[in-house]
Amino acid sequence: METPANCAVLNTNESLKLSITNHLRFTLGAYVESASENDWFVATSLAVRDRVMERATQSRTKHRSQGVRRVHYLSLEYLMGRLLENNLRNSGLYDIAKQALKDMGKDLDTLLQKEPDMGLGNGGLGRLAACFMDSLSTLDLPAIGYGIHYEFGLFRQEFVNGRQVEHPDAWMRDGSPWKIARPSYRQTVHLYGKVIQKFDEFGHPHHEWVETKCLLGLPWDIPIVGYDSSTVNVLRLWQAQADEDFNFQVFNEGSYVDALREKAIAETVSKVLYPNDATESGKELRLVQQYFFVACSLADIVRRFKNGYNLPWSEFPSKAAIQLNDTHPAVAIPELMRILVDVERIDWAQAWAICQKTFSYTNHTLLPEALETWSTALFERVLPRHLQIIFEINHRFLTGEVEARWPGDMEKKRVLSLIEERGGGKHVRMAHLSVLGGHATNGVAALHTRLLCERLFPEFFELYPDRFLNLTNGVTFRRWLDVCNPQLSALITESIGSGWLKDSSKLRELDRFADDSSFRERFQQIKRGHKVHLAKIIQDTCGVSVSPDALFDVQIKRLHEYKRQHLNLLHIVSLYRRLLENPQLDIAPRVFIFGAKAAPGYYLAKNIIHAINALANKVNHDPRVGGKLKVIFMPNYGVSIAERIIPAADLSEQISTAGKEASGTGNMKLALNGALTIGTLDGANVEILEEVGPDNIFIFGLTVEGVTDLYKRGYNPWDFYWASEDLRLSLDWLASDYFTGNQDEFKPLRDSLLTHGDPFLVMADYDAYAASQAEVDKAYRDQPRWQKMAIHNTARVGKFSSDRTILEYAEKVWKLPQVSM
Ligand code: 26Q
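Rules of the game
Residues numbered from 1 in each chain as written. Predicted model: local features only at pLDDT ≥ 70, side-chain atom pairs only at ≥ 80, totals over all residues. Heavy atoms only, no water. Helix = DSSP H or I, 4+ residues; strand = E, 2+ residues; numbered from the N terminus. Rg over C-alpha atoms; globule rule 2.2 N^0.38 Å. Buried < 20%, exposed > 50% of the residue type's maximum accessible area, 1.4 Å probe, protein only. Contact = heavy atoms within 4.5 Å. Areas by Shrake-Rupley, 256 points an atom, 1.4 Å probe, with all protein chains shown as cover. Lys, Arg positive; Asp, Glu negative; His and termini not counted. Charge placed at Lys NZ, Arg CZ, Asp CG, Glu CD. Near = heavy atom within 4 Å. Polar contact = N/O pair within 3.5 Å; in protein donor to acceptor, adjacent residues only side chain to side chain. Nonpolar A, V, L, I, M, F, W, Y, C, P; charged D, E, K, R; others polar. Pairing = 2+ DSSP bridges. Axes fitted to C-alpha atoms, helices over the stretch in contact; angles between N-to-C directions. Patch = residues over 30% accessible without salt bridge, like charges linked within 9 Å, V, L, I, M, F, W, Y side chains within 5 Å. Salt bridge = Lys/Arg side-chain N within 4 Å of Asp/Glu carboxyl O. Core = buried A, V, L, I, M, F, W, Y, C linked by side-chain atoms within 4.5 Å. Phe/Tyr/Trp six-rings, centres within 6.5 Å; stacked < 30°, edge-to-face > 60°. Lys NZ or Arg CZ within 6 Å of the ring centre and 35° of its normal. Arc of directions from axis to C-beta. Parallel < 35°, antiparallel > 145°, perpendicular 65-115°, else oblique. Left-handed = near helix turned anticlockwise from the far one by under 90°. Expected span 1.5 Å × (residues − 1). Bend = angle between axes of the 7 residues up to and from the residue.

Chemist: For this particular structure, what's the right way to read the overall build of the protein?
Modeler: Tallying secondary structure elements over the protein gives 34 helices and 25 strands in all. Its C-alpha radius of gyration of 27 Å places the protein within 12% of the 28 Å reference for a compact globule of 821 residues. Overall size of the protein, expressed as C-alpha extent along the three principal axes, is 95 × 80 × 60 Å. The proportion of buried residues among the 821 residues of the protein is 60%. Relative to all contacts within the protein whose residues are 6 or more apart in sequence, the contacts with residues 24 or more apart total 77%. Total accessible area on the protein stands at roughly 31100 Å², and carbon and sulfur atoms take up 51% of it. Each charge class in the protein can be summarised by its mean position, and for the 94 positive and 102 negative side chains these summaries are 2 Å apart.

Chemist: Just checking my understanding: could you explain unusual backbone geometry for this structure?
Modeler: Across the chain, the bulk of peptide bonds are trans and the bulk of non-glycine residues have phi less than zero. Residues other than glycine seldom take positive phi values, yet glutamate 211 does so here, at roughly 55°. Take glutamate 211: it is sitting in the loop between strand S10 (205–210) and strand S11 (213–225). Given a relative accessible area of 61%, glutamate 211 falls into the exposed group. In this structure, aspartate 228 is a non-glycine residue whose phi angle is positive, near 50°. Examined against the element boundaries, aspartate 228 turns out to sit in the loop between S11 and strand S12 (232–242).

Chemist: Explain the site of the ligand here, please?
Modeler: Taken together, 22 residues lie near the ligand, and Leu125, His364, Asn473, Glu661 and Gly664 sit nearest. The separation between an oxygen atom of the ligand and a polar side-chain atom of tyrosine 562 is 3.2 Å. Backbone polar atom of alanine 662 to an oxygen atom of the ligand: 3.4 Å apart, as the coordinates give it. Counting residues per element, the shell around the ligand draws most heavily on helix H7 (residues 124–138), at three residues. In terms of residue class, the shell around the ligand is built from seven nonpolar, 10 polar and five charged.

Chemist: I keep staring at the side chain of glutamine 290 and nothing clicks. Help me out?
Modeler: Among the structural elements, glutamine 290 can be located in helix H10 (residues 284–308). The class for glutamine 290 is buried, based on a relative accessible area of 0%. Within polar-contact distance, the side chain of glutamine 290 engages the side chain of glutamate 372 at 2.6 Å. Apart from residues lying up to four places away in sequence, glutamine 290 is in contact with Leu76, His328, Val331, Glu372 and Trp374.

Chemist: What is the right way to look at the sheet that holds strand S16 (residues 419–422) in this model?
Modeler: Paired through backbone hydrogen bonds, the strands of a sheet run either parallel or antiparallel to each other. The sheet built from three strands is open, its strands ordered S15-S17-S16 with antiparallel pairing. Strands at the two margins of the open sheet, each flanked by one partner only, are strand S15 (373–375) and S16. On average, adjacent strands in this sheet sit at an angle of 35° to one another, irrespective of strand direction. With four bridges connecting them, S16 and strand S17 (residues 425–429) associate as antiparallel partners. Counterpart to isoleucine 419 in the pairing with S17 is valine 428.

Chemist: Explanation requested: the pairing of strand S5 (residues 156–160) in the structure shown.
Modeler: Regular strands have side chains that alternate between both faces of the sheet. Where S5 meets strand S6 (residues 163–167), five bridges bridge the pair, whose relative direction is antiparallel. Opposite glutamine 157, over in S6, you have glutamate 166 as the bridge partner. Joining the antiparallel neighbours S5 and S6 is a turn of two residues, in which asparagine 161 adopts a positive phi near 50°.

Chemist: Help me out: how do you make sense of a nonpolar patch on the surface in this one?
Modeler: A contiguous nonpolar surface patch, about 300 Å² in accessible area, is contributed by Tyr256, Val257 and Leu260. Considering the arrangement of structural elements, one finds valine 257 in helix H9 (residues 256–267).

Chemist: Can you walk me through the nonpolar core in this structure?
Modeler: Nonpolar side chains tend toward joint burial in soluble globular proteins. Membership of the largest hydrophobic core comes to 269 residues, with the highest contact counts inside it found for Phe379, Ile593 and Trp814. Counting residues per element, this core draws most heavily on H10, at 12 residues. Excluding anything up to four places from it in sequence, tryptophan 814 contacts Arg69, Val71, Leu136, Ala321, Gln323, Ser360, Ile806 and Tyr809.

Chemist: Where do I start with the packing of aromatic side chains in this structure?
Modeler: Each aromatic ring pair is characterised by the separation of its centres together with the angle its planes make. In total, this model carries 27 aromatic pairs according to the counting rule given. Ring centres of phenylalanine 397 and phenylalanine 460 lie 5.9 Å apart, and the angle between their planes is 0°; this geometry places the pair in the stacked category. Of this pair, phenylalanine 397 sits in helix H15 (residues 384–405) while phenylalanine 460 sits in helix H19 (residues 458–463), and the two are 63 residues apart along the sequence. In terms of burial, phenylalanine 397 and phenylalanine 460 fall into one category: buried. For the cation-ring pair, lysine 412 lies above tryptophan 406, with the distance from its terminal atom to the ring centre recorded as 5.1 Å. Cation over ring: lysine 618 sits above tyrosine 738, and NZ or CZ is 4.7 Å from the ring centre.

Chemist: Sorry, what's going on with helix H27 (residues 685–692) here?
Modeler: Note on helix geometry: an α-helix contains 3.6 residues per turn, so any two residues three or four positions apart are oriented the same way. Among all positions in H27, only Asn685, Glu687, Ile688 and Val692 are buried. Each buried residue of H27 lies within a common arc of 160° when the element is viewed along its axis, so the set occupies one face.

Chemist: I keep staring at the packing of helix H12 (residues 332–343) against helix H13 (residues 348–358) and nothing clicks. Help me out?
Modeler: For the pair H12 and H13, the least separation of the axes is 9 Å and the interaxial angle reads 140°. Here H13 runs oblique to H12, going by the angle between their axes. Where H12 crosses over H13, the two elements pack in a sense that is right-handed. From H12, Ile333, Leu336, Met337, Leu340 and Val341 reach across to H13, where they touch Trp348, Ala351, Trp352, Ile354, Cys355 and Thr358. Per-class residue counts for the contact of H12 with H13 are 10 nonpolar, one polar and no charged.

Chemist: Would you mind going over helix H32 (residues 762–780) with me for this structure?
Modeler: With 19 residues, H32 should reach 27 Å at 1.5 Å per residue; the first-to-last C-alpha distance of 25 Å fits that figure. Taking the largest bend as the criterion, H32 deviates by roughly 30°, centred on alanine 768.

Chemist: Sorry, what's going on with the pattern of salt bridges here?
Modeler: Think of it this way: side chains of opposite charge can pair up when their charged atoms draw near. Inspection of the entire model under this criterion finds 58 salt bridges. Taking the shortest distance from any N to any O, the salt bridge between arginine 508 and glutamate 691 comes out at 3.1 Å. In this pair, arginine 508 sits in the loop between helix H21 (486–496) and helix H22 (517–542) while glutamate 691 sits in helix H27, placing the two residues 183 residues apart along the sequence. Residue arginine 508 is classed as partly exposed on the basis of its relative accessible area, which comes to 38%. Overlapping salt bridges bring together Arg182, Asp221, Arg236, Asp300, Arg303 and Arg304 as one network.

Here's what the structure looks like:
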């Protein structure tokens with residue numbers, strides 16, 4: 001006989017029904033008969049959570065009792081999206097839940113749409129962290145993700161007269177059924193204050209950080225359910241709270257209101273995600289956010305080490321690996337040094353060795369403006385002791401290893417220093433700190449890693465060649481195929497078995513089906529089904545009707561000049577113009593689909609959004625184009641909208657200036673779902689080309705070397721302007737008053753391409769891009785050929801599973817065991 005307690009969490013129809021109705025009645029206080037859709041969504045999520053939490057506890061217990069090494073992933077961003085469908089599919093509960101709800105008169109798929117996205121990130125870096133969490137649990141690797149419990153995630157985007165308007169994203173205004181507060185693991189964080197040197201009774205000096213301000217960090221845990229695995233790791237997000245004791249003094253002085261104002265200020269620390277995907281430097285709150293979550297996370301890791309084992313500190317790295325997701329959490333390096341040297345009183349050299357064995361760093365960008373630096377003046381005010389530690393690390397490095405390798409070479413010292421001197425001020429180079437403070441630095445695609453070694457860190461690479469390695473990014477095939485495209489997932493499983501979901505190399509077995517016309521027909525029908533669905537969404541959100549038989553041409557990613565949405569835009573203007581000149585122009589009908597948010601202060605990016613919307617407004621209402629052209633800008637692009645667009649895409653735009661896009665991951669998701677790539681030889685496109693073969697991809701434009709040569713020769717965009725009539729007319733038309741009635745509206749865009757030197761070589765690549773687009777058009781009109789190419793894409797991108805990436809991290813960087821339950 002089952003005990004009632006056990007009955008409550010069985011994976012059966014009856015048990016799930018009981019759980020859901022119990023949550024409706026006892027957790028939410030609702031009547032089953034009159035509960036809202038949102039109540040049903042919450043109750044269903046809680047019923048699933050019940051089934052998952054026990055496994056989270058078991059995983060933790062097992063990891064602790066076996067004393068295995070864990071990886072601690074430190075990231076300022078996690079773009080988790082929705083969790084219910086993912087957790088249902090990964091845990092094999094989807095069909096049971098669907099039936100159970102149906103029995104109670106509810107439609108699961110409708111409830112799934114009730115869930116708000118957890119959008120605690122900007123773009124690729126944040127979504128990568130989410131894919132990695134999925135793979136870590138799936139592969140039974142012991143892991144904890146640490147981040148910030150932002151009250152407001154990335155802004156919600158609206159268009160008003162074609163312009164981006166930002167609104168707050170109150171993702172957890174109604175609470176979230178997935179997160180659980182852990183008040184017993186609350187941490188205290190110190191900030192500001194000053195450092196004093198003290199001496200013990202033997203005359204040995206040490207440092208004390210005093211007169212600090214205190215903050216509390218409350219952890220919220222989110223269970224991470226792997227696919228077909230018993231491991232449930234957690235994502236632990238810190239929320240800032242005021243330290244009530246600290247304010248007691250003020251209360252006693254009768255300044256009740258002042259005290260509460262202090263409290264409100266303390267709580268701003270985890271209030272909002274910075275909506276930039278390139279550095280916004282010098283913002284004190286950002287530094288405080290970084291240190292706040294790093295200090296909480298390290299204290300948590302240290303607590304676990306001290307309570308769990310009775311080991312000397314030298315064994316710390318054998319229990320804990322810490323991965324820095326870009327330099328954003330790099331203050332963890334001086335923080336661990338502070339704990340070891342000031343608190344635990346370990347000598348410097350030993351502490352430094354522990355640090356280097358513990359940390360590793362992933363670089364996500366080569367763009368000089370996106371490399372984080374902090375002015376030493378600001379750093380000293382917020383974290384005085386940490387700045388001292390950084391200076392000491394730097395002093396020992398420059399006078400030790402650098403001097404030994406390049407005696408007397410001041411130039412080498414200048415370029416390697418952790419401190420940069422510019423414009424009269426000193427700045428801490430967080431990337432240098434990250435390379436120096438760890439044992440591994442990796443880039444996120446082969447080309448990017450090569451450029452990292454050759455161009456960004458050549459002297460560090462000379463000094464420590466073994467410290468650098470490539471770990472090409474990947475994406476989780478569960479969310480980006482099984483969840484978002486269950487129809488294709490089922491067809492693949494029917495054709496080659498379900499092994500591909502855990503071993504993506506098996507997808508290659510699909511390759512031979514490219515020559516099977518009945519398979520091609522089914523593959524195409526699935527794509528068409530998604531296009532019909534997306535067309536409906538487009539109709540509902542944009543009020544534009546599009547044909548599912550048109551070529552769906554998709555560019556979805558953050559808006560940035562280097563990603564060159566304006567290159568795409570110029571080509572559409574050209575098509576529009578050529579169609580008006582010649583209404584008989586024989587081209588396959590196309591729907592151009594954009595999804596992109598611009599950083600609120602990125603003026604030119606917002607100008608490009610406005611230009612695309614203005615063009616869309618004209619094209620979509622112009623009867624003369626005969627339905628051959630539509631332009632759609634889907635507002636509020638995010639994970640959930642991506643899950644609708646990606647399965648419906650025919651063409652994937654990956655058109656960054658060569659050398660600027662570190663990897664890209666949307667390129668992988670789209671290829672996996674059978675979209676063909678039009679792209680430059682940049683980031684992971686290079687490796688996608690290697691995998692799918694040159695016949696199944698459209699590559700154009702300058703290479704990294706071509707870009708360098710062009711700059712060396714002296715780039716003049718006017719040369720290209722005058723050389724291409726098509727380009728000239730398109731750009732001039734766009735910048736005229738035709739699209740908005742105001743001839744100055746898109747002057748910033750035009751000026752950036754001409755008077756301001758076109759830093760991302762849009763003009764230089766335009767003709768090659770247009771020619772490549774003509775090839776796309778030709779290929780699409782040969783549908784059997786196109787379908788074959790699409791199938792080869794799905795079949796050949798198994799390399800880009802985040803499982804492969806994570807297994808490489810586990811083997812080469814973290815040295816982690818797989819621990820099955
Ligand atoms: C830094 C300081 C202050 C405010 C914001 C930031 C900040 C925030 C987010 C800087 C950068 C980011 C995000 C960068 C990012 O998403 N990079 C992308 O990472 C992907 C995963 O590796 C790559 O595929 C993309 O090529 C890369 O652009």
